[in-house]
Amino acid sequence: MRTPLAFLNLVHEKTRLGVAIAGVAFAVILVFMNLGFLGALSETAAAFYAQFNADLFLISPQALEITTATPFPIERIYQVAGVEGVEDVMPLYVNYIQWRNPETRENRAIFAFGINPDDPTFLLPELQSAQARNSLRRPNTVFFDRLSRPEYGPQETGTRTEADRRDVTIGGQYSLGGGFAADGTIIMSDQNFRRYFNPFPLDQISVGLIKLEEEVDADEARLAVMELLPEDVEVYTKEGIIARDRNYWINATSTGFIFGMGVAVALVVGVVIVYQILYTDISSHMKQYATLKAMGYRSGFLFYTVLQESVILAVLGFIPGFILSMILYQLTLTATSGTLPVVMTLTRFIFVFILTIFMCGISGLISVNKVIQADPAEVF
Amino acid sequence: MTDTEPGAGMNKNSSVAPIPSANGTATAVAEPVAVRIRDLNFFFGQGDLRKQVLYDINLDLPYGQIVIMTGPSGSGKTTLLTLIGALRTVREGSLSVLDQEIVGLGRSQLVDVRRNIGFIFQAHNLFDSLTASKNVEMAIELTEDWQEKRERAVEMLTQLGLSDRVDYKPKSLSGGQKQRVAIARALVNQPPLLLADEPTAALDKKSGRDVVTLMQKLAKEEGRTILMVTHDNRILDVADRIITMVDGRLETDENLAQFVSSHDPKSLDRRMFVM
Ligand SMILES: Nc1ncnc2c1ncn2[C@@H]1O[C@H](COP(=O)(O)OP(=O)(O)O)[C@@H](O)[C@H]1O
Ligand SMILES: [Mg+2]
């Protein structure tokens, strides 16, 4: 076996190695956290739609994402109702409303869904009972999202406050989460919705939900529905609308850019730290490297040694970086009581590992120049 | 000193036939020598900064000879050593090392030449991170001998009296011990040619003496050629031959007896400067 020169050189300088590992681990953690948040946010977008009891979604082409859905005629869902394989069609009304925190008396925009209480619009278990439907039907009564931010105030059933200066009573709770768009959500009946957003014509809907029969293929049904409807609505499968919203939040807003920047900055920091370490290491071994050249080692060997050092640093730094990231993920999950689902995925693990190798490799390639210059004629 | 032209009449081997001035043919006709230098000039720098440091060097080092090169600082000894060691490229003259003309060789071919040369520097240049044995093994690995490298390294270190220091890192070794490890590294592949530049400069009197005696012993046993630069006149007695370099020219070329008789031992160093 070849003497593991790269490894032994690194291990020999304990402090330097410690700094290098800390630097790489730091970069790894930053990358994991940024990707974790980004992943969590896009998860949230998906989780939101997962609670809709629908397979196809009709939405206006002008909508950027669900909260900016512009109304379109309710006739569109009636047109679809007759299509073969369609089990049910349901209207959904959405808008923001000012919710007053009954304790602080401060108003804050909350995202409101209006549904027909007779429709099984949501899969949320809290809305399925007849009792819940009856509560929803009561005037000026809404269901409140437990995952709303605490700034909205108490969530208990029976809490009374104001929404857009109208009295409102909390009739029950559910757990949905507002995803990117909303800090909190409420669900109310279409009749209440019309009242709060007066004048709001119920024949103009925000989203059309289509439930297909069991065995019907969503993609095929989508094509059939698109065929049928005019240009003023777009048709999406559940994955399709999730992808559309996600794309908006990550790419059209600066969210993706910001987290991408976070990753880039982390990598640059990592490259600089590892470069510093490798450069110092090479500088302090110039005479030895030059001696190796005099003995008959080729530049390629030294090149390889430095790259090996950088890969070793990548691996040694990745391990604690990964473990600490797992702990931070767990802490984030706990701190946000599950509303920010930062979870480790195998893909991300592999991706960040490769990124780390790449990062250290860049440092290696920059510093390798120095070792190539080691001149055996100068050591005499 | 007679004012002879450097190079002319300097070679101990007066039997050598007149050397043709063209390169290439020289090595073919002459008897084998470890190093053969003809009409070598060497310059540092380029253009206006070009400075000649070696002038018209002619020198033969037969196999098995221990040659000490001495001379004032800055006279070009180290430069000549690096040229013979294939560490710099020569452009003028002919330089044949171990029966191979190295003038005109590419970098990669020079590396191959170097693998047959043992180098000993003033500083030991050992890796602090490697034990004595591992430092020596780094040299053996060049020969791709993976099985016996440890054995061979230990054996070499034992010959140099370091059997109980094999697994020590340089930090735990004395200066003399470190230099002996460096010598073990230089000798372990049994190079026919050994180049040493002031190998005892960093050592105290006794370890310096020991190191040189060991080099001499190993060289004599194995028939190696040694070219050693030194200012240390306490070790001159190991030499078969002493050459002196002054201002980039070979000034004298004598055996030990001649050298001693032509130099007042008390003021040896000073005499060398005024020559
Ligand atoms: N890399 C170099 N570049 C330019 N000049 C050099 C270089 N190395 C040595 N010299 C010059 O060449 C001359 C011979 O140097 P050197 O061979 O080191 O002498 P010595 O070993 O006899 O002391 C000196 O004048 C020195 O300044
Ligand atoms: Mg010198």
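The paragraphs below set out a description of the structure included in this document.

## Regarding the sheet that holds strand S9 (residues 241-246) of chain B
Residue and element names in this part refer to chain B.
- Spatial strand order, S6-S7-S8-S3-S9-S10: six strands in an open sheet with mixed pairing. Single-partner strands in this sheet number two, and they are strand S6 (117-120) and strand S10 (249-254). The mean inter-strand angle of the sheet, taken between neighbouring strand axes irrespective of direction, is 20°.
- For S9 and S10, the ladder comprises five bridges, and the chain directions are antiparallel. Across the sheet, residue Met-245 finds its bridge partner in S10, namely Leu-250.
- Along the sheet face, helix H2 (residues 77-84) touches strand S3 (66-70), S6, strand S7 (193-197), strand S8 (225-229) and S9 and points at about 155° away from the line of S7.
- Packed onto the sheet, helix H7 (residues 205-222) meets S3, S6, S7 and S8 and runs at close to 160° relative to S8.

## Quick look at the environment of Val-371 of chain A
- Assignment of secondary structure puts Val-371 of chain A in helix H11 (residues 346-372).
- If near-sequence neighbours (up to four positions away) are discounted, Val-371 of chain A is found in contact with Ile-282, Tyr-289, Lys-293, Leu-302, Phe-303 and Val-306 of chain A.

## Re the site of ligand 1
- Close contacts around ligand 1 come from Glu-378 of chain A together with Phe-44, Lys-51, Val-53, Pro-72, Ser-73, Gly-74, Ser-75, Gly-76, Lys-77, Thr-78 and Thr-79 of chain B, and that covers them all.
- Residues close to ligand 1 are split across chains A and B.
- Measuring from an oxygen atom of ligand 1, one finds a side-chain N or O atom of Lys-51 of chain B at 2.9 Å.
- In the environment of ligand 1, an oxygen atom lies 3.2 Å from a nitrogen or oxygen atom belonging to the backbone of Ser-75 of chain B.

## What to know about the interface of chain A and chain B
- Taken together, the contact between chain A and chain B spans 26 residues of the former and 31 residues of the latter.
- Carbon and sulfur atoms supply 62% of the area buried between chain A and chain B, which totals about 2600 Å² over both sides.
- The largest contributions to the chain A side of the interface with chain B come from Met-295, Arg-298 and Phe-380 of chain A, which together make up 28% of the buried area.
- Linking chain A with chain B are two salt bridges.
- Here Arg-88 of chain B ties to Glu-378 of chain A by a salt bridge, and the two come within 3.8 Å at their closest N and O atoms.
- Inspection of the chain A/chain B interface yields 10 residue pairs in polar contact (both at pLDDT 80 or more).
- At the level of elements, helix H1 (5-12) and helix H9 (286-295) of chain A are the ones that each hand at least two residues to the side of chain A that touches chain B.
- By residue number, the principal contributor to the side of chain A that touches chain B is H9 of chain A, which donates eight residues.
- A class-by-class count of the residues in the side of chain A that touches chain B yields 13 nonpolar, seven polar and six charged.

## Quick look at the pattern of salt bridges
- Scanning the entire structure with this criterion turns up 26 salt bridges over all chains.
- The closest approach of N and O atoms between Arg-149 of chain A and Glu-151 of chain A, which form a salt bridge, is 3.0 Å.
- We note a salt bridge from Lys-220 of chain B to Asp-240 of chain B, for which the minimum N-O separation is 3.1 Å. Remark: Asp-240 of chain B occurs in the loop between S8 and S9 and Lys-220 of chain B occurs in helix H7; sequence separation between them is 20 residues.
- Residue classification places Asp-240 of chain B among the partly exposed residues on the basis of a relative accessible area of 27%.
- What you see here is one network of salt bridges that share partners, running through Lys-134, Glu-137, Glu-141 and Lys-149 of chain B.

## What about a nonpolar patch on the surface?
Residues and elements named next belong to chain A.
- A cluster of nonpolar side chains, namely Val-311, Val-315, Ile-319, Ile-323, Leu-324, Ile-327, Leu-328 and Leu-331, defines an oily patch on the protein surface of about 630 Å² accessible area.
- With respect to the secondary-structure elements, Leu-328 resides in helix H10 (residues 299-335).
- With a relative accessible area of 30%, Leu-328 lands in the partly exposed category.

## Some thoughts on the packing of aromatic side chains
- The tally for this structure, following the rule as stated, stands at 27 aromatic pairs over all chains.
- Here Tyr-297 of chain A and Phe-301 of chain A contribute two aromatic rings whose centre-to-centre distance is 4.4 Å and whose plane-to-plane angle is 35°, an arrangement assigned as tilted.
- A relative accessible area of 4% means that Tyr-297 of chain A is categorised as buried.
- Between Phe-119 of chain B and Phe-121 of chain B, the aromatic rings sit 6.2 Å apart at their centres with planes inclined by 10°, giving stacked as the arrangement. Both residues of the pair, Phe-119 of chain B and Phe-121 of chain B, count as buried.

## What about the packing of helix H8 (residues 255-283) of chain A against H11 of chain A?
Residues and elements named next belong to chain A.
- Across the interface, H8 lies against H11 with an axial gap of 8 Å and an inter-helix angle of 35°. Note that H8 runs across H11; the crossing there is right-handed. For the pair H8 and H11, contact is made by Val-263, Ala-266, Leu-267, Gly-270, Val-271, Val-274, Tyr-275, Leu-278, Tyr-279, Ile-282 and Ser-283 and by Leu-355, Met-359, Cys-360, Ile-362, Ser-363, Gly-364, Ile-366, Ser-367, Lys-370 and Val-371, respectively.
- Here the contact of H8 with H11 is composed, by residue class, of 15 nonpolar, five polar and one charged.

## Quick look at the pairing of strand S1 (residues 56-59) of chain A
Residues and elements named next belong to chain A.
- On S1, burial covers both faces: Leu-56 and Leu-58 on one face and Phe-57 and Ile-59 on the other are all buried.
- Where S1 and strand S10 (residues 207-212) come together, four bridges link them in antiparallel fashion. Considered in S10, the bridge of Leu-58 is made with Gly-208.
- Pairing of S1 with strand S11 (residues 234-237) involves four bridges; the strand directions are antiparallel. By the bridge assignment for S11, Ile-59 is matched with Glu-234.

## With respect to the packing of H8 of chain A against H10 of chain A
All names here are of chain A.
- It is at 11 Å that the axes of H8 and H10 come closest, and there the two elements cross at 140°. Considering the angle they form, H8 stands oblique to H10. Crossing angle aside, the handedness with which H8 passes H10 is right-handed. Between H8, through Val-274, Ile-277, Leu-278, Asp-281 and Ile-282, and H10, the contact on the second element is made entirely by Val-306, Glu-309, Ser-310 and Leu-313.
- Partitioning the contact of H8 with H10 into residue classes produces six nonpolar, one polar and two charged.

## Observations regarding the nonpolar core
- If you look at the biggest cluster of nonpolar residues, it comprises 98 residues, and the most contacted ones within it are Leu-292 of chain A together with Ile-84 and Leu-95 of chain B.
- Listed in part, the 40 residues of the second largest apolar core include Leu-10, Ile-312, Phe-322 and Val-352 of chain A.

## Quick notes on the side chain of Ser-325 of chain A
- If you trace the backbone, Ser-325 of chain A turns up in helix H10.
- In this view, Ser-325 of chain A contacts Val-28, Ile-29, Phe-32 and Met-344 of chain A; residues no more than four positions away in its chain are not counted.

## Looking at the sheet that holds strand S4 (residues 92-97) of chain B
All names here are of chain B.
- Taking strand neighbours across the sheet as the criterion, the four strands line up as S2-S1-S4-S5 in an open arrangement whose pairing is antiparallel. Of all the strands in the sheet, the pair left with one neighbour each is strand S2 (51-61) and strand S5 (100-101).
- Pairing geometry for S4 and S5, over two bridges, is antiparallel. By the bridge assignment, Ser-96 is partnered in S5 with Glu-101.
- Packed on one face of the sheet, H2 meets strand S1 (35-44), S2 and S4 and runs near 120° to S1.

Criteria and cut-off values
Residues numbered from 1 in each chain as written. Chains lettered and ligands numbered in written order. Predicted model: local features only at pLDDT ≥ 70, side-chain atom pairs only at ≥ 80, totals over all residues. Heavy atoms only, no water. Pairing = 2+ DSSP bridges. Helix = DSSP H or I, 4+ residues; strand = E, 2+ residues; numbered from the N terminus. Axes fitted to C-alpha atoms, helices over the stretch in contact; angles between N-to-C directions. Contact = heavy atoms within 4.5 Å. Near = heavy atom within 4 Å. Polar contact = N/O pair within 3.5 Å; in protein donor to acceptor, adjacent residues only side chain to side chain. Buried area = accessible area lost by both parts, 1.4 Å probe. Salt bridge = Lys/Arg side-chain N within 4 Å of Asp/Glu carboxyl O. Nonpolar A, V, L, I, M, F, W, Y, C, P; charged D, E, K, R; others polar. Buried < 20%, exposed > 50% of the residue type's maximum accessible area, 1.4 Å probe, protein only. Patch = residues over 30% accessible without salt bridge, like charges linked within 9 Å, V, L, I, M, F, W, Y side chains within 5 Å. Areas by Shrake-Rupley, 256 points an atom, 1.4 Å probe, with all protein chains shown as cover. Phe/Tyr/Trp six-rings, centres within 6.5 Å; stacked < 30°, edge-to-face > 60°. Left-handed = near helix turned anticlockwise from the far one by under 90°. Parallel < 35°, antiparallel > 145°, perpendicular 65-115°, else oblique. Core = buried A, V, L, I, M, F, W, Y, C linked by side-chain atoms within 4.5 Å.

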